[in-house]
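Structural characterization, general
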Protein chains: 2
Amino acid sequence: MHHMFQEILQQPAVVANLLDHQQAAAREVARLVETRQITQIVLAARGTSDHAAVYGQYLFQIQNHLAAFLATPSVVTLYNSRPRLRSTMVIGISQSGRALDVMEYMAAAREQGSPVVAITNNPESDFGQHADILLDLDAGQEHSVAATKTYTASLAALALISACMCQRPDALRALFTVPELIARAVQETSGLARVAAEVVDESECFVIGRGLNYSTALETALKIMETSYSRARAYSSADLLHGPVAAAQSVPCIVYAPRDAAHQAVLETAERLRELGTQMMVISSDREALALADHPVHIPAGEMEFLDPLAQIVAGQRFAYHLAVARGLDPDHPRGLTKVTVTR
Amino acid sequence: MHHMFQEILQQPAVVANLLDHQQAAAREVARLVETRQITQIVLAARGTSDHAAVYGQYLFQIQNHLAAFLATPSVVTLYNSRPRLRSTMVIGISQSGRALDVMEYMAAAREQGSPVVAITNNPESDFGQHADILLDLDAGQEHSVAATKTYTASLAALALISACMCQRPDALRALFTVPELIARAVQETSGLARVAAEVVDESECFVIGRGLNYSTALETALKIMETSYSRARAYSSADLLHGPVAAAQSVPCIVYAPRDAAHQAVLETAERLRELGTQMMVISSDREALALADHPVHIPAGEMEFLDPLAQIVAGQRFAYHLAVARGLDPDHPRGLTKVTVTR
């Protein structure tokens, strides 16, 4: 069995382990936010970790009403600028702990006294040196080049921080139901092997999500590109209508349409694509949305919409995996890629 | 002659007009930043205007050392959250003045007392109602659905604000040389009609830029998608190496490699692509970078690297235009698109 598939299956256990062992660190982050009067969070990451950062950006704004933004590390690393960060906490995320530009950004934030949090699967790396608090993903070694379990673990770490910060006991309780939700998502997506075999000749696709699940769309597109070399492109349903829809008619689309606050907006985009005759896979718990699809994929909704992206992404991961296998490719060793990418 | 081509040619005049007539408003913005002790700018926009916002994000961080980030308006419009903005100025950009979600975000910022700036080509619209200061792009009506002159005008408006804020006379002086620089870029890109005819059968491409010219890559990819229905995808050269490079071997790439602080990083990516045998167009004033290209496109460097994206984009616009024409398409009226896109 491929590592990538095994690691997809490990996700319920990995997330459960993280929730059990990182609560103290997450509470420490929440305390720091309070004592330092933090009103804003800036997330710094690259690649898959950057998609986790996009999730965090929405989550902190929606659940915690903090301003939250994504860093552009090259401003620090290439242009040598030091924009002033005020009342800001920086969260750096790196699966490998070797993202040099993210580390430089974290160091620059610390120089000016901003508290810094590191989230990594490699706590032995230098990554933690640049942080006041470290959350260890503790996901076990990830053998496949395409990251899966470290992505959901990063999402869980951010959700744990967010739940500790908002001091709503129901938020924390709901988080503990997520491993079960992911396990159900794994079960209900077994049909994707067949779907992948049917669409094996398609060389490209668009992946659409909005709000909290924009991150899911980004990560799905990256998985497909990494393992199948298909051209996959993620869009917020809002941005799709600004131009790219001109191309969407002839490109199959994967649409994330969970029943959350963005549902109506995504549904309207899916209906527009249906009118255009676009071939569509829809991932949702909503019957109306699924009815629009050539390939409906049911993913159960959890207790809180904030947490659904941890289960939704399983569909994207499995589809990318099965597509690679259907094409006779080795998803564990994509050509031209290595496990660690170092950028400055 | 197509409107799109005419509007590309109008850009030197449009930018010169903006610099002549919007200085008072830009100085007012700079005054507000000082009196209100603004340390951070948040930019809100969609589509082409969002690419101008990406330019502004880099510019304000690099030239003004202010923290600068992109808004996610759906947090306000869909999730009804009001993240607290502290010491923050919000700049909303909308060519049509009809971006509802951007307006709602601006209104939410004003409710909490943050100063708000509007940049639009339609000052008669409701857009200005949500702002303390309005910059009128005054670019004349844009007839082509694919925005060109309103994009460069938006960049110029942001550069004017930045120059007024940094109180360096050389920054303002350099800005006034930009219309001439754009005119030279228009001249030197006339060969792109021939290049477009040569690559007319390619159905997709990657567009690569980094730092200040990441915006140029994003906007180029959108122009190509809008007018030629080709699948075009922009990457920061840093992100390309996180996965998508697996697909890049068989996809032609357009690489923006001006001689700025990001040059070395982009050059290394171009060399990697060269090794992979990727077909490449390189847009640069640098001989070494141009030598790597199958299709070298010389664009002169201006006085300050901050301002080069206003000239670089001309290459992308012209290429998209000529590609559409070479394919027998009407770049002024792409299928499925209208001039105004309203999202919530």
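Before reading further, recall that the structure is shown in the block above.
None of the values given here were measured: they were computed from a predicted structure.

This part is about the sheet that holds strand β10 (residues 295–298) of chain B. Residues and elements named next belong to chain B. Taken together, 5 strands build an open sheet; the order of strands is β7-β6-β8-β9-β10 and the sheet is parallel. Because the sheet does not close on itself, it has two edges, and the strands there are β7 (231–236) and β10. Pairwise comparison of adjacent strand axes, ignoring direction, gives a mean angle of 15° for this sheet. Inspection of the sheet shows strand β9 (residues 280–284) paired to β10 by 4 bridges, in the parallel sense. Note on β10: the bridge partner recorded for Val 282 is Pro 296. Where helix α16 (residues 309–326) meets the sheet, it contacts β8 (253–256), β9 and β10, and its direction lies at approximately 160° from that of β8.

This part is about the relation of the copies chain B and chain A. Mapping chain B onto chain A leaves a residual RMSD of 0.0 Å; the transformation is a rotation of 180° accompanied by 0.0 Å of translation along its axis. Such a combination of rotation and displacement between the chain copies is what one expects of a two-fold axis. Closest to the rotation axis within chain B is the C-alpha of B:Phe69, separated from it by 3.1 Å. With an isologous cut-off of 70% or more, the 100% of interface residues of chain B that recur at the interface of chain A puts this contact in the isologous class.

Quick look at a negative patch on the surface now. Residue and element names in this part refer to chain A. A cluster of like negative charges, contributed by Glu 268, Glu 271, Glu 275 and Glu 288, occupies part of the molecular surface. Among the elements that take part in the negative patch, helix α14 (residues 263–276) stands out by supplying 3 residues, more than any other. Looking at the secondary structure, you find Glu 275 in helix α14.

Residue and element names in this part refer to chain A. Within the secondary structure, Leu 267 is located in helix α14. For Leu 267, a relative accessible area of 3% translates into the label buried. Sequence spacing of Leu 267 and Ala 257 is 10 residues, and the spatial spacing of their C-alpha atoms is 6.8 Å. When residues no more than four places from it in sequence are discounted, the contact partners of Leu 267 are Glu 288, Ala 289 and Leu 292.

Here we come to a positive patch on the surface. On the surface, A:Arg84, A:Arg86, B:Arg84 and B:Arg86 cluster together into a patch of positive charge. Structurally, A:Arg86 can be placed in the loop between α5 (74–77) and β3 (88–94).

With that settled, consider the side chain of B:Glu219. Residues and elements named next belong to chain B. Here Glu 219 lies in helix α11 (residues 214–228). Given a relative accessible area of 0%, Glu 219 falls into the buried group. Every residue in contact with Glu 219, bar those within four places of it in the chain, is listed here: Thr 48, His 51, Ala 147, Tyr 151 and Ile 313.

The next subject is the pattern of salt bridges. Applying the stated rule across the entire model yields 20 salt bridges over all chains. Here A:Asp132 and A:Arg110 are joined by a salt bridge, their closest N and O atoms 3.1 Å apart. Taken together, the positions of A:Asp132 in the loop between β4 (116–120) and β5 (133–136) and A:Arg110 in helix α6 (residues 100–111) put the pair 22 residues apart, joining distant regions of the chain. A:Glu204 is paired through a salt bridge with B:Arg231; the nearest N and O atoms lie 2.9 Å apart.

Rules used throughout
- Residues numbered from 1 in each chain as written.
- Chains lettered and ligands numbered in written order.
- Predicted model: local features only at pLDDT ≥ 70, side-chain atom pairs only at ≥ 80, totals over all residues.
- Heavy atoms only, no water.
- Pairing = 2+ DSSP bridges.
- Helix = DSSP H or I, 4+ residues; strand = E, 2+ residues; numbered from the N terminus.
- Axes fitted to C-alpha atoms, helices over the stretch in contact; angles between N-to-C directions.
- Contact = heavy atoms within 4.5 Å.
- Least-squares fit on C-alpha atoms with pLDDT ≥ 70 in both.
- Patch = residues over 30% accessible without salt bridge, like charges linked within 9 Å, V, L, I, M, F, W, Y side chains within 5 Å.
- Areas by Shrake-Rupley, 256 points an atom, 1.4 Å probe, with all protein chains shown as cover.
- Salt bridge = Lys/Arg side-chain N within 4 Å of Asp/Glu carboxyl O.
- Lys, Arg positive; Asp, Glu negative; His and termini not counted.
- Charge placed at Lys NZ, Arg CZ, Asp CG, Glu CD.
- Buried < 20%, exposed > 50% of the residue type's maximum accessible area, 1.4 Å probe, protein only.

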